[in-house]
Amino acid sequence: MRPPKRVFTREVRLLMYGFGDVAHPSQDSVELMEEMLTTYISDMCEKVQSINPKPKTADFLHVLRRDPKKRARAHELLALDKELKRARTIFDDVPEMSGKA
Amino acid sequence: MDDRPSKKRKSTVKIPKRASTPGNESPSSPNLPSTVPIPDPTVTKPDDAEGDIAEEPKDDDVELDDDIEDELLHPRKGVDKEAERALLATFTQEQVQRYEVFRRAHFQKGGMKKFLQGVLGQNVSESSAIVVAGAAKLFVGEMTEKAREVMEEWGDTGGIQPEHLREAYRRYKHDPASFTPAGSKKRLFR
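Residues numbered from 1 in each chain as written. Chains lettered and ligands numbered in written order. Predicted model: local features only at pLDDT ≥ 70, side-chain atom pairs only at ≥ 80, totals over all residues. Heavy atoms only, no water.

The name an unreviewed UniProt entry assigns to chain B is Transcription initiation factor TFIID subunit 11, from the organism Spizellomyces punctatus. What UniProt records for chain B under Sequence similarities (unreviewed entry) is the sentence "Belongs to the TAF11 family." Turning to chain B, the UniProt record has this under Subcellular location (unreviewed entry): "Nucleus". (UniProt positions renumbered as here; feature names shortened; annotations may be inferred.)

Where an unreviewed UniProt entry is consulted, chain A appears under the name Transcription initiation factor TFIID subunit 13, with the organism given as Spizellomyces punctatus. As its UniProt record puts it under Sequence similarities (unreviewed entry), chain A is described as follows: "Belongs to the TAF13 family." Listed under Subcellular location (unreviewed entry) in UniProt, the entry text for chain A is "Nucleus".

Here it is as C-alpha coordinates:
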(Lines give C-alpha, C1' and ligand atoms only; values in the text may rest on other atoms or scores of the structure.)
Protein backbone atom coordinates (compact mmCIF):
# COMPACT_ATOMS: atom_id res chain seq x y z
CA MET A 1 0.00 0.00 0.00
CA ARG A 2 1.38 3.34 -1.03
CA PRO A 3 0.99 6.33 1.21
CA PRO A 4 -0.48 9.53 -0.15
CA LYS A 5 1.96 11.24 -2.46
CA ARG A 6 3.38 14.68 -1.98
CA VAL A 7 3.12 15.12 1.71
CA PHE A 8 6.57 16.61 2.19
CA THR A 9 6.63 19.13 -0.63
CA ARG A 10 6.83 22.16 1.60
CA GLU A 11 9.68 20.83 3.71
CA VAL A 12 11.57 19.54 0.69
CA ARG A 13 11.41 22.94 -0.97
CA LEU A 14 12.66 24.69 2.15
CA LEU A 15 15.40 22.16 2.70
CA MET A 16 16.62 22.40 -0.88
CA TYR A 17 17.02 26.11 -0.38
CA GLY A 18 18.59 25.55 3.01
CA PHE A 19 21.13 23.14 1.59
CA GLY A 20 22.18 25.22 -1.36
CA ASP A 21 19.59 25.62 -4.09
CA VAL A 22 18.21 28.98 -5.13
CA ALA A 23 15.63 30.67 -2.93
CA HIS A 24 12.76 29.37 -5.03
CA PRO A 25 13.71 25.93 -6.29
CA SER A 26 12.16 24.79 -9.53
CA GLN A 27 8.86 23.00 -9.06
CA ASP A 28 10.03 20.07 -11.18
CA SER A 29 13.14 19.65 -9.09
CA VAL A 30 11.16 19.78 -5.87
CA GLU A 31 8.78 17.14 -7.14
CA LEU A 32 11.60 14.90 -8.25
CA MET A 33 13.43 15.37 -4.97
CA GLU A 34 10.32 14.46 -3.06
CA GLU A 35 9.91 11.36 -5.14
CA MET A 36 13.53 10.43 -4.54
CA LEU A 37 12.99 10.97 -0.85
CA THR A 38 9.85 8.88 -0.64
CA THR A 39 11.61 6.14 -2.58
CA TYR A 40 14.50 6.35 -0.18
CA ILE A 41 12.23 6.07 2.84
CA SER A 42 10.20 3.27 1.30
CA ASP A 43 13.38 1.35 0.50
CA MET A 44 14.50 1.88 4.04
CA CYS A 45 11.19 0.57 5.34
CA GLU A 46 11.48 -2.45 3.10
CA LYS A 47 14.87 -3.22 4.51
CA VAL A 48 13.74 -2.62 8.06
CA GLN A 49 10.80 -4.90 7.61
CA SER A 50 13.01 -7.63 6.21
CA ILE A 51 14.96 -7.57 9.47
CA ASN A 52 11.98 -7.39 11.72
CA PRO A 53 8.41 -7.65 10.50
CA LYS A 54 7.40 -5.45 13.40
CA PRO A 55 10.06 -2.78 13.28
CA LYS A 56 11.32 -1.11 16.40
CA THR A 57 13.47 1.98 16.61
CA ALA A 58 16.56 -0.18 17.01
CA ASP A 59 15.85 -1.78 13.64
CA PHE A 60 15.79 1.59 11.94
CA LEU A 61 19.07 2.45 13.57
CA HIS A 62 20.47 -0.89 12.52
CA VAL A 63 19.62 -0.23 8.89
CA LEU A 64 21.46 3.07 9.10
CA ARG A 65 24.58 1.50 10.59
CA ARG A 66 26.64 1.90 7.42
CA ASP A 67 25.84 5.57 7.11
CA PRO A 68 27.72 7.09 10.03
CA LYS A 69 26.42 10.57 9.45
CA LYS A 70 22.77 9.65 9.49
CA ARG A 71 23.26 7.19 12.30
CA ALA A 72 25.06 9.68 14.49
CA ARG A 73 22.43 12.27 13.77
CA ALA A 74 19.69 9.83 14.65
CA HIS A 75 21.31 9.05 17.97
CA GLU A 76 21.68 12.71 18.64
CA LEU A 77 18.04 13.42 17.86
CA LEU A 78 16.90 10.58 20.06
CA ALA A 79 19.01 11.86 22.93
CA LEU A 80 17.60 15.35 22.51
CA ASP A 81 14.07 14.01 22.32
CA LYS A 82 14.62 12.05 25.49
CA GLU A 83 15.88 15.13 27.21
CA LEU A 84 12.90 17.16 26.08
CA LYS A 85 10.49 14.50 27.24
CA ARG A 86 12.16 14.33 30.60
CA ALA A 87 11.96 18.07 30.99
CA ARG A 88 8.31 17.98 30.04
CA THR A 89 7.42 15.26 32.53
CA ILE A 90 9.04 17.23 35.30
CA PHE A 91 6.78 20.14 34.47
CA ASP A 92 3.75 17.94 34.00
CA ASP A 93 4.25 16.20 37.30
CA VAL A 94 3.81 19.32 39.34
CA PRO A 95 0.18 20.16 38.46
CA GLU A 96 -0.69 16.49 38.46
CA MET A 97 0.53 15.98 41.95
CA SER A 98 -1.19 19.06 43.24
CA GLY A 99 -4.38 17.91 41.52
CA LYS A 100 -4.22 14.60 43.30
CA ALA A 101 -3.46 16.13 46.63
CA MET B 1 27.71 19.60 -21.80
CA ASP B 2 31.30 20.61 -21.70
CA ASP B 3 33.16 20.61 -18.48
CA ARG B 4 34.80 23.92 -18.14
CA PRO B 5 34.08 25.07 -14.67
CA SER B 6 35.83 28.39 -14.73
CA LYS B 7 36.96 29.97 -11.52
CA LYS B 8 34.19 32.46 -11.79
CA ARG B 9 31.49 29.88 -12.03
CA LYS B 10 32.98 27.95 -9.23
CA SER B 11 32.73 30.87 -6.93
CA THR B 12 29.16 31.59 -7.85
CA VAL B 13 28.26 28.03 -7.12
CA LYS B 14 30.23 27.85 -3.94
CA ILE B 15 28.41 30.67 -2.24
CA PRO B 16 25.26 28.78 -1.48
CA LYS B 17 27.29 25.73 -0.66
CA ARG B 18 29.23 27.50 1.99
CA ALA B 19 26.05 28.47 3.69
CA SER B 20 25.00 24.90 3.66
CA THR B 21 28.17 23.35 4.89
CA PRO B 22 28.01 24.48 8.49
CA GLY B 23 25.07 22.30 9.08
CA ASN B 24 26.26 19.24 7.37
CA GLU B 25 26.90 17.78 10.72
CA SER B 26 23.96 19.22 12.54
CA PRO B 27 20.91 19.12 10.37
CA SER B 28 17.36 18.31 11.18
CA SER B 29 16.51 19.04 14.71
CA PRO B 30 12.80 18.45 14.61
CA ASN B 31 10.97 20.61 17.05
CA LEU B 32 14.08 21.36 18.94
CA PRO B 33 14.95 24.72 20.31
CA SER B 34 17.89 26.39 18.73
CA THR B 35 19.97 25.74 21.79
CA VAL B 36 21.60 23.01 19.77
CA PRO B 37 25.05 24.27 19.04
CA ILE B 38 26.36 24.33 15.53
CA PRO B 39 29.34 22.09 15.32
CA ASP B 40 30.87 23.26 12.09
CA PRO B 41 33.63 25.50 13.30
CA THR B 42 34.80 22.90 15.72
CA VAL B 43 34.23 19.89 13.61
CA THR B 44 37.54 20.22 11.91
CA LYS B 45 39.45 20.37 15.15
CA PRO B 46 38.20 17.17 16.73
CA ASP B 47 38.51 15.70 13.27
CA ASP B 48 42.20 16.33 13.20
CA ALA B 49 42.73 15.34 16.78
CA GLU B 50 40.90 12.10 16.29
CA GLY B 51 42.88 11.38 13.19
CA ASP B 52 46.13 11.81 15.02
CA ILE B 53 45.28 9.68 17.96
CA ALA B 54 43.32 6.97 16.28
CA GLU B 55 45.52 5.92 13.44
CA GLU B 56 44.07 2.51 13.34
CA PRO B 57 44.11 0.10 10.46
CA LYS B 58 40.96 0.62 8.47
CA ASP B 59 40.23 -3.04 7.99
CA ASP B 60 37.87 -3.01 10.90
CA ASP B 61 34.57 -1.68 9.73
CA VAL B 62 33.12 -1.31 13.17
CA GLU B 63 36.06 0.60 14.53
CA LEU B 64 35.92 3.00 11.66
CA ASP B 65 32.23 3.60 12.06
CA ASP B 66 32.66 4.36 15.70
CA ASP B 67 35.44 6.78 14.98
CA ILE B 68 33.33 8.71 12.57
CA GLU B 69 30.43 8.71 14.91
CA ASP B 70 32.63 10.04 17.65
CA GLU B 71 33.77 12.84 15.45
CA LEU B 72 30.21 13.71 14.66
CA LEU B 73 28.94 13.46 18.18
CA HIS B 74 31.78 14.98 20.06
CA PRO B 75 31.73 18.55 18.83
CA ARG B 76 28.26 18.97 20.28
CA LYS B 77 29.41 18.62 23.80
CA GLY B 78 32.04 21.29 23.87
CA VAL B 79 30.93 23.42 21.00
CA ASP B 80 32.89 26.55 20.62
CA LYS B 81 30.21 29.20 20.81
CA GLU B 82 32.72 31.87 20.05
CA ALA B 83 33.78 30.23 16.83
CA GLU B 84 30.17 29.71 15.97
CA ARG B 85 29.39 33.36 16.44
CA ALA B 86 32.49 34.37 14.55
CA LEU B 87 31.46 32.23 11.64
CA LEU B 88 27.93 33.58 11.62
CA ALA B 89 29.32 37.08 11.68
CA THR B 90 31.12 36.45 8.41
CA PHE B 91 27.91 35.39 6.70
CA THR B 92 26.33 37.63 4.16
CA GLN B 93 22.69 38.52 4.56
CA GLU B 94 21.78 35.91 2.00
CA GLN B 95 23.80 33.26 3.79
CA VAL B 96 22.18 34.09 7.12
CA GLN B 97 18.75 33.69 5.59
CA ARG B 98 19.65 30.40 4.04
CA TYR B 99 21.22 29.21 7.25
CA GLU B 100 18.07 29.98 9.16
CA VAL B 101 15.97 27.96 6.77
CA PHE B 102 18.51 25.19 6.93
CA ARG B 103 18.29 25.08 10.72
CA ARG B 104 14.55 25.39 11.00
CA ALA B 105 13.19 23.29 8.19
CA HIS B 106 12.59 19.68 9.14
CA PHE B 107 10.17 16.85 8.66
CA GLN B 108 7.54 16.76 11.34
CA LYS B 109 7.49 13.67 13.52
CA GLY B 110 3.76 13.34 13.07
CA GLY B 111 3.84 13.54 9.31
CA MET B 112 6.73 11.14 9.13
CA LYS B 113 5.00 8.72 11.46
CA LYS B 114 1.90 8.73 9.31
CA PHE B 115 3.97 8.24 6.22
CA LEU B 116 5.84 5.32 7.73
CA GLN B 117 2.66 3.72 8.92
CA GLY B 118 1.29 4.04 5.41
CA VAL B 119 4.35 2.34 3.96
CA LEU B 120 4.70 -0.34 6.61
CA GLY B 121 1.02 -0.89 7.17
CA GLN B 122 1.40 -0.93 10.93
CA ASN B 123 2.03 1.24 13.92
CA VAL B 124 5.41 2.86 14.24
CA SER B 125 6.86 4.37 17.35
CA GLU B 126 7.49 8.07 17.56
CA SER B 127 11.20 7.56 18.04
CA SER B 128 11.37 5.55 14.83
CA ALA B 129 9.77 8.50 13.10
CA ILE B 130 12.42 10.76 14.62
CA VAL B 131 15.19 8.55 13.29
CA VAL B 132 13.73 8.48 9.80
CA ALA B 133 12.94 12.20 9.82
CA GLY B 134 16.57 12.95 10.64
CA ALA B 135 17.83 10.63 7.94
CA ALA B 136 15.37 12.15 5.48
CA LYS B 137 16.64 15.64 6.07
CA LEU B 138 20.20 14.49 5.61
CA PHE B 139 19.20 12.69 2.46
CA VAL B 140 17.71 15.83 0.95
CA GLY B 141 20.85 17.69 1.97
CA GLU B 142 23.16 15.16 0.40
CA MET B 143 21.18 15.13 -2.81
CA THR B 144 21.11 18.91 -3.00
CA GLU B 145 24.82 19.17 -2.39
CA LYS B 146 25.60 16.48 -4.95
CA ALA B 147 23.35 18.17 -7.48
CA ARG B 148 25.32 21.36 -6.90
CA GLU B 149 28.54 19.49 -7.57
CA VAL B 150 27.07 18.12 -10.78
CA MET B 151 26.06 21.60 -11.85
CA GLU B 152 29.55 22.86 -11.21
CA GLU B 153 31.03 20.08 -13.33
CA TRP B 154 28.62 20.70 -16.14
CA GLY B 155 29.16 24.40 -15.97
CA ASP B 156 25.51 25.10 -15.26
CA THR B 157 24.33 27.99 -13.16
CA GLY B 158 21.05 29.02 -11.59
CA GLY B 159 18.68 26.67 -9.80
CA ILE B 160 19.00 22.93 -9.58
CA GLN B 161 17.27 21.22 -12.49
CA PRO B 162 15.81 17.71 -12.44
CA GLU B 163 18.66 16.37 -14.59
CA HIS B 164 21.14 17.46 -11.96
CA LEU B 165 19.16 15.64 -9.32
CA ARG B 166 18.97 12.52 -11.43
CA GLU B 167 22.71 12.52 -11.90
CA ALA B 168 23.20 13.15 -8.19
CA TYR B 169 20.94 10.24 -7.36
CA ARG B 170 22.71 7.99 -9.82
CA ARG B 171 26.04 8.80 -8.18
CA TYR B 172 24.58 8.40 -4.72
CA LYS B 173 23.48 4.89 -5.52
CA HIS B 174 26.88 3.95 -6.91
CA ASP B 175 28.82 5.48 -4.08
CA PRO B 176 29.87 2.51 -1.97
CA ALA B 177 30.22 4.72 1.08
CA SER B 178 26.58 5.67 0.93
CA PHE B 179 23.87 3.72 2.50
CA THR B 180 21.84 2.17 -0.26
CA PRO B 181 18.68 0.66 1.03
CA ALA B 182 17.57 -2.65 -0.34
CA GLY B 183 15.86 -2.44 -3.64
CA SER B 184 16.91 1.01 -4.63
CA LYS B 185 19.34 -0.41 -7.18
CA LYS B 186 16.58 -2.09 -9.07
CA ARG B 187 14.41 0.94 -9.02
CA LEU B 188 14.53 3.45 -11.78
CA PHE B 189 12.94 6.81 -11.84
CA ARG B 190 10.51 7.60 -14.50
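When helices and strands are tallied, chain A shows 4 helices and 0 strands. Moving toward the C terminus, one meets the helices and strands of chain A in the order α-α-α-α. The burial tally for chain A puts 48% of its 101 residues in the buried class. Partitioning the contacts of chain A with sequence separation of at least 6, the portion at a separation of at least 24 is 29%. In the form shown here, chain A has an accessible surface area of approximately 5300 Å², with 58% of it arising from carbon and sulfur atoms. (Helix = DSSP H or I, 4+ residues; strand = E, 2+ residues; numbered from the N terminus. Buried < 20%, exposed > 50% of the residue type's maximum accessible area, 1.4 Å probe, protein only. Contact = heavy atoms within 4.5 Å. Areas by Shrake-Rupley, 256 points an atom, 1.4 Å probe, with all protein chains shown as cover.)

Counting residues in hydrophobic clusters, the biggest one holds 52 residues, and the most contacted among them are Leu37(A), Ile41(A), Phe107(B) and Met112(B). Listed by contribution, the elements that provide at least two residues to this core are helix 1 (9–18), helix 2 (27–51), helix 3 (57–63) and helix 4 (68–100) of chain A together with helix 5 (93–104), helix 6 (109–120), helix 7 (126–154) and helix 8 (162–174) of chain B. If you tally residues by element for this core, the top one is helix 7 of chain B, at 12 residues. Residues lining this core come from more than one domain, with at least three contributed by each of domain 1 (7–55) and domain 2 (56–91) of chain A. (Core = buried A, V, L, I, M, F, W, Y, C linked by side-chain atoms within 4.5 Å. Domains from an automatic or database assignment.)

In the contact formed by helix 2 of chain A and helix 8 of chain B, the axes pass within 8 Å of each other and the chain directions differ by 25 degrees. In terms of orientation, helix 2 of chain A and helix 8 of chain B fall into the roughly parallel class. Helix 8 of chain B is crossed by helix 2 of chain A, and the crossing has right-handed handedness. From helix 2 of chain A, Asp28(A), Ser29(A), Leu32(A), Met33(A), Met36(A), Thr39(A) and Tyr40(A) reach across to helix 8 of chain B, where they touch Pro162(B), Leu165(B), Arg166(B), Tyr169(B) and Tyr172(B). Classifying every residue of the contact of helix 2 of chain A with helix 8 of chain B by side-chain character gives 8 nonpolar, 2 polar and 2 charged. (Axes fitted to C-alpha atoms, helices over the stretch in contact; angles between N-to-C directions. Parallel < 35°, antiparallel > 145°, perpendicular 65-115°, else oblique. Left-handed = near helix turned anticlockwise from the far one by under 90°. Nonpolar A, V, L, I, M, F, W, Y, C, P; charged D, E, K, R; others polar.)

Another point: the packing of helix 2 of chain A against helix 6 of chain B. For the pair helix 2 of chain A and helix 6 of chain B, interaxial distance at closest approach is 10 Å and the crossing angle is 60 degrees. Here helix 2 of chain A lies oblique to helix 6 of chain B, going by the angle between them. Viewed along their axes, helix 2 of chain A and helix 6 of chain B form a crossing whose handedness is right-handed. Between helix 2 of chain A, through Thr38(A), Ile41(A), Ser42(A), Cys45(A) and Gln49(A), and helix 6 of chain B, the contact on the second element is made entirely by Met112(B), Phe115(B), Leu116(B), Val119(B) and Leu120(B). For the contact of helix 2 of chain A with helix 6 of chain B, the class distribution of residues is 7 nonpolar, 3 polar and no charged.

All names here are of chain B. Taking 1.5 Å per residue, 12 residues should reach 16 Å; helix 6 reaches 16 Å between its end C-alpha atoms and fits that length. Considered for burial, the residues of helix 6 that qualify are Lys 109, Met 112, Phe 115, Leu 116, Gly 118, Val 119 and Leu 120. Two residues or fewer after helix 6 comes Gly 121, characterised by a positive phi angle close to 70 degrees. (Expected span 1.5 Å × (residues − 1).)

Right, let's talk about the packing of aromatic side chains for a bit. Following the criterion strictly, the structure yields 7 aromatic pairs over all chains and no others. Pairing Phe19(A) with Phe102(B) gives two aromatic rings, centres 5.1 Å apart and planes at 85 degrees, and the pair type is edge-to-face. Taken together, the residues Phe19(A) in the loop between helix 1 and helix 2 and Phe102(B) in helix 5 connect one chain to another. Comparing Phe19(A) with Phe102(B), the two get one shared label, buried. Consider the rings of Phe91(B) and Tyr99(B), whose centres lie 5.9 Å apart with planes at 80 degrees: the pair is edge-to-face. Note on accessibility: Phe91(B) and Tyr99(B) belong to one class, buried. Linked through ring pairs, Phe19(A), Phe91(B), Tyr99(B) and Phe102(B) together constitute an aromatic cluster. Over the face of the ring belonging to Phe102(B) we find Lys137(B), whose NZ or CZ atom lies 5.3 Å from the ring centre. (Phe/Tyr/Trp six-rings, centres within 6.5 Å; stacked < 30°, edge-to-face > 60°. Lys NZ or Arg CZ within 6 Å of the ring centre and 35° of its normal.)

Residue and element names in this part refer to chain B. Looking at chain B as a whole, its pLDDT mean stands at 68, while 50% of the residues score no less than 70. The secondary structure element of chain B with the lowest average pLDDT is helix 1 (residues 7–20), at 40, and the one with the highest is helix 7, at 94. Counting interchain partners and residues more than four positions distant, the pLDDT-below-50 stretch residues 1–65 has 112 contacts. Long-range and interchain partners of residues 186–190, a stretch whose pLDDT sits below 50, account for 13 contacts in this model, where long-range means more than four residues apart. (pLDDT = per-residue confidence, 0-100.)

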